[in-house]
Amino acid sequence: MVSKHPEDQTARMVEMFDNLGADKYPLEQYKYIGQRIPRRVDGLDKASGQADYTMDIQLPGMLYMRFLVSPYPHAKILKMDTGKAEKLPGVRHVLRYDDPGLPETENIGYFPIFQNDRPLDCIAHFEGQPMGAAVAADTEAIAEEALSLIEIEWEERPFILDPVAASEPGAPLSYPERYGDGNFWNRGVLDELIHGDIKKGFAEADKVVEFKITRNGHTWISPERPCGVWKWNGDCAEAWVKNQRPFVAKRNITTWFGGIPMNKIQLHMPYQGATFGGWTHVDWSFGGLYCAAAVSRRTKRPVKYILTRREDFYGSSMDEGIYFVKVGFKNDGTITAVDGTVYHVSAIHPAFSPVVHLHENTRIPHLHGQIKSIWVNKGPSVGIRCEMLVPVLVQTMVMDRVAAELGMDPIEVALKNDGCQGHDMDWLNEQKKKCGFEVHDSLKECIEKGKAEFKWDESWHKPAARKLPNGRMHGVGFTWAHEWSDSTGSGEVAIRIERSDGTATLLGIHCDNGVGAENAYCQIAADELGMRMEDVHYNPHFDPGFHLNSPDSSCGMSANGWAVRHAARILKQKILESATSPGSPTQRGSYAPAFPNTKPEELDIKNSRIFVKSDPSRWISLADYARLMAIQGPVSNAELFGARSAWTEPLFAYAYHVQEGEYNPHSPREKFCRQAHFMEVEVDTGTGEIYVTRIVNVNDVGKVINRMSCEGQQYGGSIMGMSRGKLEEIVHDPVTGVMLNGNLIDYKIATIKDVGPIGTMLVESGMGYGPYGLVGIGEDIATVVPHVIAPAVYNAIGVWIYDFPITPDRVLKALGKI
Amino acid sequence: MAEKSKKYVCPYCGEEFDAAEGLKGHVFKTHKGHGLPVSEGGIKLTVNKSEYTLKVKPNWTLYYLIHDVLGLTGSKQFCDRGACGSCAMIVDGKPVLSCMMLAAECDGKVIETVEGIAADGHPLIESYVINHAMQCGYCTPGFVVTSKALLDGNSDPTEEEIIEALAGNICRCGTYPQHIIAIKETAAKLRVEKSAGKGAK
């Protein structure tokens, strides 16, 4: 864009630099920001069944494609006969792994730093892996029947499931094609963190404890299964994608089949059915779409690929593994050293050090943590709401174990150790000041609110000390962490004022994963533009060429919020400039300005009306200002008959925001905002059943944009977290390597009956790096809450359980009953 | 006349016979050992107040018929085995899991889907919207349908009754607390409407 007003761009750039610290330009008044905005942008669509997901897309002549999956945890196809499948009526194409048209090495997707899988492999490294063949047929049922007719001669290979055994010399190789000399994958990326001198730290301690944690895999369970639709329009590609990163999808597609120009790819991002990162992060997640595209090209028909519910159990979360933790501490609860090692199962990503949170939010002077990535014959573990599961699990167990060892209130231990990068609160408060923030003690504020709401002082007691009248043991647990939303990413967005009615449209493709960010963008745009909320709309599903930051890393608001705000501010300035300037010149001269002899700064916009600040009776609505669309263009009908009416230039602005935050190792930023969570349980010591009777969440989100959305992340995250803490695990048969519970009957997730009341409280310290001082909240609660169940159960029964999820059999085992 | 023109049609191959004996002989001779015949059957059903006469295949579920064949895509398939409630529809006044019911079983039935509930202007929809009783929204239609069936039979459900009614609906985003609020609000609205003589839908 060639700006008529270069100073606007400069102003925006200045603002961008400023956001390295506190937001120095908040609005004087908020009309929509911070409010309970009940009318969700997507509300009516979703409640009335009109919201279309990729699974709902049906096109004329569309074929349905399903994949062969490996019945073995590690096996190679030696010979495959697809003759019978091809002859089944209704089958239109069978794509084989040895098809000469398929790439041997082509990058079908994902990040270049990770491995890229072939779209159809002939070797399976876990049971249930889509591979070998894909069948496209008139119906899904026919495709499924055809798959059963494929005859295969397999070479079964030795497999291994246990990460510690897999790390021993001579263990069977789980993935010899990638890791020929052992099952380790040490990429040296973020897998080791050291600060201070760990030996010195333990020497300074009054007491040292060591413990081992196991966390079985749990998975994303996206309600909508992995799927995608492909259609060729000549040499132009049209794709409906289930993936939370539209720009990655497009970037991948552009490399396929020798190259498809970006301007010939039409992407649709329908509603996504909650991805939580999961499927998006799987290397192969574009393999299905690639095969659909290849088959569509041959059959000249649109193709939809679908994985089954069981095939959606493709991989697990990034906390799956075995943890060895050693903690040194003084008798007053001050922690001096933590050393943690995790044997991490089949990590597709760079995982985070087990002590990275303790580095970011405590004063513990001596830390060492490392991740040993071990590949076993299970699906890959990927970031699922979220990568921080490992460090927050360690933080909870460390803090609460220390409190238990000393018989202290865990809240006291938390406050004693709060800090940052080994420094105490005085140092941290200095950093807050340096960044321009008003200094708050975020953890203290969160705890005070939460303690009062939860009635902590009356609820907390010595372990195994309170038996309830119903015979169950009562317990409470507490944990805390910082708020994280400080990844590296970028968002770009445009806003256009529509002709005829003056409404505003936000333009930028984005994944709707249910968190309601779209609402918040509209709130920001409405407040910044001075428009009514109902006049601002955002449809994230279509591709206008602008890409918002994906909802990863809780960065939707911190990256995109800035972009929307920049765009709205530039656009507002443009509108005011335009309203006070003559319209564009024509052969008959320029059009008169709407507000003659007025300067832009003398005008303002409120309630979708432009008005003169000193005389608000002089106003024009944006609708009138943006002009009607007439028969031959955006001028009034009168123009056709010789009369002259006003004409306004198109009102459009774009902006972007680049965030270089925490995940960028070159510019880590201190974390100032904290969160605290309280849980109450009742444990039936006869059955081992844990009843979660109450949860209270307190999150310092810096600044609330949409109160209802924030609360939704709190109670929703609590329910998912509780579900992960006591119910969710993927179980494999050790003898065959086959997954035993890949369905929603045998893999338990929380229902409405599993939840007691959840109290949701928000703190607004303004100490976030996002616009208005906000930080994201999307991942926090579901990531932190799973582990608070351990101290709560300890408080109830007086025994620590280190194996997650904490199921009834593990409770009974801890009690020595089985 | 009617008796005279009656034909006996082979359910395997469609060949016609004038007498039952002829058909029996033909089946015995030609289709011995073929198992039960599989042929398309016609059904009549009412979906959201519209009547349909349809040929359905024996393996079609009610979900497939409504979602894929009729294109009413509001009902969603989540678990695919009767565990999650996302495909709930109201059949003859009762909520059923449409992935667990065969289309062929629905001859003569009256079906109500989320689209029908929305088209009737049921206040549940607005209550769901203003209470954020949704996040990703995939399971939401199933909750709306189950809630509507609850309210049809119980104009003032207690919290326990609501929880019991929704116990078979899974929401991965964890929106459960909002459903209780939305249903209670709707019930109150419907009771006011009823006492004002408008009548509940």
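Now for the overall build of chain B. Helices and strands together make up the secondary structure of chain B, namely eight helices and seven strands. Taken against the 2.2 N^0.38 rule, which gives 17 Å for 201 residues, the C-alpha radius of gyration of chain B at 22 Å runs more than 25% over that of a compact globule. Each principal axis of the C-alpha atoms in chain B carries an extent, and together these give about 65 × 40 × 25 Å. For chain B, buried positions account for 46% of its 201 residues. Long-range contacts, defined here as pairs at least 24 residues apart, represent 58% of the contacts in chain B between residues at least 6 apart.

Time to look at the pairing of strand β18 (residues 473-482) of chain A. When you tally the buried positions in β18 of chain A, you get ten out of ten residues, the bulk of the element. Neither face of β18 of chain A is left uncovered, since the one carrying M473, G475, G477, T479 and A481 of chain A and the one carrying H474, V476, F478, W480 and H482 of chain A both have all their residues buried.

Another point: the interface of chain B and chain A. Counting from both sides, the interface comprises 38 residues of chain B and, opposite them, 45 residues of chain A. Only α4 (114-119), α5 (123-130), α6 (140-153), α7 (159-166) and α8 (176-195) of chain B provide two or more residues apiece to the side of chain B that touches chain A. At four residues, the largest contribution of residues to the side of chain B that touches chain A is made by α5 of chain B. Residue composition of the side of chain B that touches chain A, grouped by class: 23 nonpolar, eleven polar and four charged.

On to the domain arrangement of chain A. Residues and elements named next belong to chain A. Here chain A is partitioned into domain 1 (6-30 + 487-660), domain 2 (54-157 + 222-306), domain 3 (161-221 + 312-423) and domain 4 (436-486 + 669-818). The interface is formed by 37 residues belonging to domain 3 together with 36 residues belonging to domain 4. Elements represented by at least two residues in the side of domain 3 that touches domain 4 include exactly β8 (207-215), α10 (356-361), α11 (389-406) and α12 (410-417). Residue contributions to the side of domain 3 that touches domain 4 peak at nine residues, all from α11. Of the residues that constitute the side of domain 3 that touches domain 4, the class distribution is 18 nonpolar, eleven polar and eight charged.

Attention now moves to α6 of chain B. Residues and elements named next belong to chain B. Spanning 14 residues, α6 covers 20 Å between terminal C-alpha atoms, matching the ideal 20 Å at 1.5 Å per step. Within α6, twelve of the 14 residues are buried, which leaves it mostly tucked inside the rest of the structure. Taken residue by residue, α6 has T140, P141, G142, F143, V144, V145, T146, S147, K148, A149, L150 and L151 as its buried positions.

A separate point is the nonpolar core. Generally speaking, soluble globular proteins have nonpolar side chains that are buried together. Among the nonpolar cores identified, the biggest contains 285 residues, and M65, V135, V493, A525, A567 and V793 of chain A are the most heavily contacted of them. Not counting the four nearest positions on each side in its chain, M65 of chain A is found in contact with A134, V135, A136, A143, C291, A292, V295, V303, K304 and Y305 of chain A.

This brings us to the domain arrangement of chain B. The domain boundaries assigned to chain B delineate domain 1 (1-38) and domain 2 (41-195). The distance between the C-alpha centroids of domain 1 of chain B and domain 2 of chain B comes to 41 Å.

This paragraph deals with the pairing of strand β2 (residues 75-81) of chain A. Residue and element names in this part refer to chain A. Taken together, the two bridges between β2 and strand β4 (residues 123-124) define a ladder with antiparallel strand orientation. Directly across from A75, in β4, lies its bridge partner A124. With six bridges connecting them, β2 and strand β6 (residues 151-156) associate as antiparallel partners. Note that in β6 the partner of M80 across the bridge is I152.

All right, on to the sheet that holds β4 of chain A then. Hydrogen bonds along the backbone pair up the strands of a sheet, which may run parallel or antiparallel. Pairing is antiparallel in the open sheet, where three strands are placed in the order β4-β2-β6 (chain A). A single partner strand is all that each edge strand has here, and the edge strands are β4 and β6 of chain A.

The next thing to look at is the environment of E177 of chain A. Residues and elements named next belong to chain A. Along the polypeptide, E177 turns up in the loop between α5 (163-166) and β7 (192-195). You can call E177 exposed: it has 10 C-beta atoms within 10 Å. For the pair formed by E177 and A579, sequence separation is 402 residues and the distance between their alpha carbons is 66 Å.

With that out of the way, let us pick up the confidence of the model for chain B. When the pLDDT values of chain B are averaged, the result is 92; 93% of them are 70 or greater. Taken over the whole predicted complex, pTM reads 0.93, whereas the ipTM for its chain interfaces reads 0.95.

Attention shifts here to the packing of α5 of chain B against α8 of chain B. Residues and elements named next belong to chain B. Remark: α5 packs on α8, axes separated minimally by 9 Å, with the N-to-C direction vectors making an angle of 140°. With respect to α8, the axis of α5 lies oblique. The handedness of the crossing between α5 and α8 is right-handed. Judged by residue contacts, P123, L124, S127 and Y128 of α5 engage A182, E185, T186, K189 and L190 from α8. Taken together, the residues of the contact of α5 with α8 break down into five nonpolar, two polar and two charged.

Our focus in this paragraph is the packing of helix α16 (residues 517-529) of chain A against helix α17 (residues 556-580) of chain A. Residue and element names in this part refer to chain A. Here α16 crosses α17 at 30°, and the two axes come no closer than 9 Å. Here α16 lies roughly parallel to α17, going by the angle between them. For the crossing formed where α16 meets α17, the hand is right-handed. Counted together, A517, A520, Y521, I524, A525, E528 and L529 of α16 and G556, M557, N560, G561, V564, R565, A568, R569, L571 and K572 of α17 form the full contact between these two elements.

Attention now goes to unusual backbone geometry. In this structure, the amide linkage connecting R385 of chain A to the following residue, C386 of chain A, adopts the cis form with an omega of 5°. Backbone geometry at R385 of chain A places phi at a positive 25°, although glycine is not the residue there. Mapping R385 of chain A onto the fold places it in the loop between β17 (381-382) and α11. Under the C-beta neighbour-count criterion, R385 of chain A is labelled buried, with 26 such atoms within 10 Å. We note that D92 of chain B has phi near 50°; this positive angle belongs to a residue other than glycine. Relative to the helices and strands, D92 of chain B resides in the loop between β5 (88-91) and β6 (94-97).

Our focus in this paragraph is the sheet that holds strand β27 (residues 690-700) of chain A. All names here are of chain A. Pairing is mixed across the open sheet formed by four strands, whose spatial order is β18-β26-β27-β28. Only two strands of the sheet have a single partner each, and these edge strands are β18 and β28 (758-763). Neighbour to neighbour, the strand axes of the sheet diverge by 15° on average, direction disregarded. Of the strand pairs in this sheet, β18 and strand β26 (residues 674-683) are connected by ten bridges, and their pairing is antiparallel. Within β26, the residue paired with F478 across the bridge is F678. Sheet contacts for helix α20 (residues 780-797): β18, β26 and β27; angle to β18, the most-contacted strand, approximately 145°.

Conventions we followed
- Residues numbered from 1 in each chain as written.
- Chains lettered and ligands numbered in written order.
- Predicted model: local features only at pLDDT ≥ 70, side-chain atom pairs only at ≥ 80, totals over all residues.
- Helix = DSSP H or I, 4+ residues; strand = E, 2+ residues; numbered from the N terminus.
- Rg over C-alpha atoms; globule rule 2.2 N^0.38 Å.
- Buried ≥ 20, exposed ≤ 12 C-beta atoms within 10 Å, placed from the backbone.
- Contact = placed C-beta atoms within 7 Å.
- Nonpolar A, V, L, I, M, F, W, Y, C, P; charged D, E, K, R; others polar.
- Domains from an automatic or database assignment.
- Expected span 1.5 Å × (residues − 1).
- Core = buried A, V, L, I, M, F, W, Y, C linked by C-beta atoms within 7 Å.
- Pairing = 2+ DSSP bridges.
- pLDDT = per-residue confidence, 0-100.
- Axes fitted to C-alpha atoms, helices over the stretch in contact; angles between N-to-C directions.
- Parallel < 35°, antiparallel > 145°, perpendicular 65-115°, else oblique.
- Left-handed = near helix turned anticlockwise from the far one by under 90°.

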